[in-house]
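# Structural features, examined
These are the residues of each chain, in order.
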Amino acid sequence: MPATGGAAHRANKTMTFALLLPAAAVLLGATVASAAPFDVPAARDSVTAAFEKDRSRLEALYMDLHAHPELGFQETRTAARLAKEMKALGLDVTEGVGGTGVVAVLRNGAGPTVLVRTELDALPMKEETGLPYASKVTAQWEGRETFVAHSCGHDMHMAAWVGAARALVAQKARWRGTVLFVAQPSEETVSGARAMIADRFFERFGKPDYGFALHVGPGLAGGVYYKPGVLSSNSDALELTFTGRGGHGSMPHATIDPVLMASRFVVDVQSIVSREKDPAAFGVVTIGAIQAGSAGNIIPETAQLKGTIRTYDAGVRQKILDGVTRVAKAQADMSAAPPPKLEFIPGGKAVVNDAALTATTADVFKQAFGSMAVEIPQPGSASEDYSEFILAGVPSVYFAIGSYTPETMKAAAGKPLPVNHSPMFAPAIQPTLQTGVTAMALAVMNVLPVEP
Ligand SMILES: [Zn+2]
Ligand SMILES: [Zn+2]
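How each quantity is defined
Residues numbered from 1 in each chain as written. Chains lettered and ligands numbered in written order. Predicted model: local features only at pLDDT ≥ 70, side-chain atom pairs only at ≥ 80, totals over all residues. Pairing = 2+ DSSP bridges. Helix = DSSP H or I, 4+ residues; strand = E, 2+ residues; numbered from the N terminus. Axes fitted to C-alpha atoms, helices over the stretch in contact; angles between N-to-C directions. Parallel < 35°, antiparallel > 145°, perpendicular 65-115°, else oblique. Left-handed = near helix turned anticlockwise from the far one by under 90°. Contact = placed C-beta atoms within 7 Å. Domains from an automatic or database assignment. Nonpolar A, V, L, I, M, F, W, Y, C, P; charged D, E, K, R; others polar.

## Considering the pairing of strand 1 (residues 92-97)
As defined by bridge partners, strand 1 adjoins strand 2 (residues 101-108) across five bridges and the pair is classed as antiparallel. The partner of Asp 92 across the bridge, within strand 2, is Val 105. Taken together, strand 1 and the strand that follows it, strand 2, pair antiparallel across an intervening segment of three residues, in which Gly 98 is found at a positive phi of about 65°.

Here it is as C-alpha cells:
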C-alpha cells in the first residue's frame, strides 16, 4: 500500500467523515472498554528492554530482507526466513498457506486471539537509494525480466513483525491469549490476503477476535499514525468498449459512430457522482484513457475507454458501478448500437478501522509515544488488501509509522521526500523499526489482558 504515512502528513481540515460503522463495532466497544487496566508505560519500558537485546539481530534481518526482495507469490526465500525466525522462538509454524503465506501461532493461556499481519512481497522496480544493503535482485515478472525492490517498505513490516513476536514471547507474564502471526503473499497485486482466506485460513487457524497491521510511510520516524473508520479506498478499474459500424466520415448516416457514444459517456457518467451519490460521500469516476480511430475522415468500428472508480463506502461503490453500467448501456441505446462491453476489475476494498478498537489502541499509543502519536485527519486514496481480513469479520486497526529522521526532513528543506514505490524510498532503520515493534507489541498486549 503506498503512501499511507504521506497522507498522515497532509492535514486537510475540510474533510468530513460520513462513515456509517457497522453495529458490530459498537457492540465490540463494550468488550474492549471492560478490559483490565493496562500499565502502558511499564509495558513500553519492558518492550524497549527486550528490543535492545534484539536490536542488532532485527536490524540484520531487515537488511537481509531488503537486499533479497521477492515478487508476489514468489516469496519463497522470504517466507522461509520468517518461518525460521518464528520456529526459533518456539511458535507453531505453518508454511505454504495461500501459496507462500506463513502462519505462526503463539499460545499463552486462555484469552482472545489476535491476528498480526505483515506482507512478504516487493515491487518489480529498480532501487536507486545507493544504500549499502540496496537490492540488485532481478526476477521474471509477467514474461520478462525486471529488477525487484522493497520500495513499499514491507521488509520493515516483516522485521517489526518478528520483533513484536520476540517482545511478546519475552513479556509472556504481561498478557494471556493467542497471537496469530500472519505473513501474507502478494499484497501489491491485492490478491494475497484472498489467497490465504481461500486456503481455509479461518477454518484452519480460527477466527481472530482482533487484528492489527502496520505500514511504513514517509512521515517522521518515531511517529505512529492512526485513524478510526475508513483509512484507504475501494478501487475498481473499468474497461468499456462501444461497438458501432465503421464508414466514411462524410456518410455518418451509413455508420454508427462509437466516438460519439464514448464522448457522451465521458460527460454523462459524471452525473452519477454529482446527481446520484450523496454529496457528502467520497466517490470518484475518472476516465483516463480513450482510444478510437486512426484518421479524421474515418468513423471507426469501436471506441475503448479505461477508467478508475474510487470510493470509501460499499453502498456508494455499488451505486456508482450500477450507474456506470446504466449510462454506458444508455449511450449504445441512443445510437441504436449493440450493448457495450463493460468490465469492472475489482482492486483493493477499503480498509475500515474498528472505531472502538482504534479508540483504545490510540489511547495506548498516546501513553507510549506522547505527541508522536498522531491521528490521521483523512483517509488515503491508496488501496490495500488487509481489508479482506476485516471484511471476513476481524475487527482491526491498521496504522502507520513514519520513516524519516528529523535530520533527513531538515536536509530536504521543504522539498518532498521520496514516498513508497519511489526508487529512492529509504526508511531510516531506527527509530522506525523500534517504533514498529513497540507499537505492535503494545497494541496486542492491550487486548490480551491478564485477568486479575
Ligand atoms: Zn505498495
Ligand atoms: Zn505496501
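## So, the packing of helix 3 (residues 40-67) against helix 11 (residues 355-369)
At their nearest, the axes of helix 3 and helix 11 sit 9 Å apart, and the two run at 65° to each other. By the angle between their directions, the pair helix 3 and helix 11 is classed as roughly perpendicular. Of the two possible hands of crossing, helix 3 and helix 11 adopt the one that is right-handed. Counting all contacts with helix 3, which are made through Val 40, Pro 41 and Arg 44, the residues of helix 11 involved are Val 364, Gln 367 and Ala 368.

## Comments concerning the domain arrangement of the chain
Here the domain parsing of the chain yields domain 1 (4-232 + 350-447) and domain 2 (234-346). Placing the centre of domain 1 and that of domain 2 at their C-alpha centroids yields a distance of 38 Å. Partitioned by chemical class, the residues of the side of domain 1 that touches domain 2 number four nonpolar, three polar and no charged.

## Concerning the packing of helix 3 against helix 14 (residues 429-447)
Close contact between helix 3 and helix 14 brings their axes to 9 Å; oriented N to C, the two are set at 135°. Classed by the angle they form, the pair helix 3 and helix 14 counts as oblique. Between helix 3 and helix 14 lies a crossing whose hand is right-handed. Facing helix 3, whose interface residues are Val 40, Ala 43, Arg 44, Val 47, Thr 48, Phe 51, Leu 58, Glu 59 and Tyr 62, helix 14 presents Ile 429, Leu 433, Gln 434, Val 437, Thr 438, Ala 441, Leu 442 and Met 445. Considering only residue class, the contact of helix 3 with helix 14 consists of twelve nonpolar, three polar and two charged.

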